[in-house]
Amino acid sequence: SQSGSDFDVAVVGAGPGGYVAAIRAAQLGLKVACVEKERTNGGTCLNVGCIPSKCLLHASHVYSQAHRNAWKRIGVTIPQVSLDFKAMMQHKNKTIAGLSAGIEQMFAKNKVERVRGRAVLRADGSIDVLSAADGSTPKRQQIRAKNVILANGSESAALPFAPYDEKRVVSSTGALALESVPEKMVIVGAGVIGLELGSVYQRLGSQVTFVEYLPRIAPGMDLAISKQMRSLVEKEGSKFHLSSKVTAIDRSSSGVQVSVSPVDAAAGAPFKLEADVVMVSVGRRPNTASSGLKEAGLALDRAGRVVVDDHYRTSMPGVYAIGDLIYGPMLAHKASEEAVAVAEGIAEGCPPHKINYAAIPSVLYTSPEVAWVGPAVDDLDPKSVNVGSFPLRANGRSRASDSAEGVCKVVSDKKTGRVVSVHIMAPEAGEMIGEAVTAVQFGLTAHQLGSVIHPHPTVIEVIKEAALACNGEAVHS
Ligand code: FAD
């Protein structure tokens, strides 16, 4: 803790971790500064993550539905469809600008002082503010605060032999800002980010090939659902090379050449893929470099994440860390929830409470979407759980909307009856999962979840049916 402090709280980073921490702390009467090196607020999530990807996912979905005449079966035909990729990108850019300005307004309303510059943590807990990427001089060069919340976030990890040029070899950031739709695209890594951006370009006409090290796609997702997802993506025209690793990426006159080998050398011969653009989405690493964290003496773990205790306290007194910088899933809502916990803990003068990691939802925003909360069925002991399953094709609303591809699975503990996890594949699974998260968060049993009255006809009725099916109580099974 600092004597002669300028602020009660200094927050580093204005992503969904940092900006939420800053606003919540200010709402509780604390004097707060938020240091961000970029011109815009919102961090990875708003500028190069969640929001721009969803703009392109939505626009590309609408385009591909129209282009494929997907509504012919329900009596709607569209004679001519064209793609304005520039306008699609403009919609994305405008959405980001609007939401970022909204954060600026919330900062002003709550009297959070936004300091533009690169924060470097010092061993005494103070923060030096160096000029931002564009060389502008920060309005404060040093900040002394009673408490520091580090929310520096993460960045795309690169393959050691293939640095990003963001034109031909791109991270997700480059993929969100391409100038034209590539004819051939190779995606290294079939996790959530790879699958989302791969489906954007596949829908816009690219020939997309995924190379994935693991024998499956989307680790963390229920295995059976991930297999169903894979065959749906294949049906759309994308290719998968699973259990395969990329060993080199070389520029060729016509584009990029990607060398691929099976992980198990006995499983086949190495081969090459030609592409116009290669997107590497093999994971993200915490932003600890050039922020002085290590030099200040902060403990980092093997993966380079800042080590915190159960109350988000780092090894330095008065210094907390949240979001992508620490353990746990790299998700915006996880960062924001930790942010609120830390801000409230500081304001109340007690150690921040640990958020409920068993109740953090994940969503893959493909078409259909996949959303889940809790462990995958295949990661649980089949002897200790009941699994209730209900297909969308048995759901009236899904049939009426001609989108009956998908399933809902509710998993409950055999002893207590409580809901352990829920897995949904449905057009708007991400919107539906909230109810399941409520059940997990508040320890509802499958029977209780199944007794909730749902409006009919709705897709979300599948949660009720699957919950009832856990105990053999489903009516429509
Ligand atoms: P960040 O959002 O990374 O923010 C950190 C901020 O700190 C940045 O603005 C950075 O400029 C700033 N900073 C870093 N170091 C310094 C320094 N020394 N001084 C000053 N400022 C500094 N999550 C979801 O929940 N849903 C999604 O749909 C989703 N989609 C995604 C899609 C893509 C393509 C990507 C890349 C990510 C996606 N994520 C999604 C993940 C999500 O973006 C992150 O989990 C989230 O942004 C983490 O928030 P954060 O505040 O911890 O860090």
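Predicted model only: the values in this text are computed from it and were never measured.

Criteria and thresholds
Residues take numbers from 1 onward in each chain, read along the sequence in its written order. Per-residue local features are limited, in this predicted model, to residues with pLDDT of at least 70; the limit for side-chain atom pairs, both in listing and counting, is 80 or more; totals at the level of whole chains, interfaces and linings are taken over all residues. The side-chain values count all of the structure's non-hydrogen atoms but skip hydrogen atoms and water molecules. Helix and strand assignments follow DSSP, with helices taken as H or I runs no shorter than four residues and strands as E runs no shorter than two, numbered in order from the N terminus. Helix span is expected to be 1.5 Å times the residue number reduced by one. Classification of residues uses two cut-offs on accessible area relative to the type maximum, computed with a 1.4 Å probe and protein chains only: under 20% is buried, over 50% is exposed, and between them is partly exposed. Patch members must show over 30% relative accessible area and no salt bridge, and they are joined within 9 Å when carrying like charges or within 5 Å when they are nonpolar side chains of Val, Leu, Ile, Met, Phe, Trp or Tyr. Values of accessible area rely on a 1.4 Å probe in the Shrake-Rupley scheme; residue burial ignores everything except the protein chains shown. In the sections that follow, a salt bridge refers to a side-chain nitrogen of Lys or Arg positioned within 4 Å of a carboxyl oxygen of Asp or Glu. For each structure, a 1 Å grid was placed over the protein atoms alone; sets of points admitting a 1.4 Å probe that cannot get out are labelled cavities, open sets with protein on both sides within 12 Å along at least five of seven lines are labelled pockets, and lining residues have an atom within 4 Å of a point. Grid points are joined across faces, edges and corners, and a volume is the space filled by probe spheres set on the points. Under this grouping Gly is polar, as are all residues other than the nonpolar Ala, Val, Leu, Ile, Met, Phe, Trp, Tyr, Cys and Pro and the charged Asp, Glu, Lys and Arg. A pair of aromatic rings is counted whenever rings of Phe, Tyr or Trp (Trp by its six-membered ring) have centres within 6.5 Å, and the orientation is called stacked for planes under 30 degrees apart, edge-to-face for over 60 and tilted otherwise. Charge-over-ring contacts are defined here by two conditions on Lys NZ or Arg CZ: a distance within 6 Å of the ring centre and an angle within 35 degrees of the ring normal.

> Could you clarify how one ought to interpret helix 6 (residues 192-203) in this entry?
Along an α-helix, a turn takes 3.6 residues, which lines up residues three or four apart on a common side. The end-to-end C-alpha distance of helix 6, which contains 12 residues, comes to 17 Å, matching closely the 16 Å that a straight helix rising 1.5 Å per residue would cover. Among the 12 residues of helix 6, 10 are classified as buried, and the element is accordingly described as predominantly covered. Within helix 6 the residues assigned to the buried category are G194, L195, E196, L197, G198, S199, V200, Y201, Q202 and R203. In the segment just after helix 6, G205 is the residue with positive phi, at about 115°.

> Would you explain a nonpolar patch on the surface in this entry?
On the surface, a nonpolar cluster with roughly 250 Å² of combined accessible area is contributed by Y213, L214 and V263. Inspection of the secondary structure puts L214 in the loop between strand 11 (207-211) and helix 7 (223-235). Owing to a relative accessible area of 33%, L214 belongs among the partly exposed residues under this scheme.

> Please explain empty space enclosed by the protein as it appears in this structure.
To find leftover empty space, a probe the size of one water molecule is rolled over the atoms. According to the stated counting rule, one finds one cavity of 30 Å³ or more in the structure shown. Space inside the largest cavity adds up to approximately 30 Å³. Top contributing element to the lining of the largest cavity by residue count: strand 4 (residues 118-121), with three residues. In terms of residue class, the lining of the largest cavity is built from seven nonpolar, two polar and no charged.

> Looking at this structure, how should I read the packing of aromatic side chains?
We describe a pair of aromatic rings using the distance from one ring centre to the other and the angle between the two ring planes. All told, the structure shown has three aromatic pairs when counted by the stated rule. A cation sits over an aromatic face here: K31 above F7, 4.8 Å from the ring centre. When the ring centre of Y327 is taken as origin, the NZ or CZ atom of K334, which lies over that ring, is 5.8 Å away.

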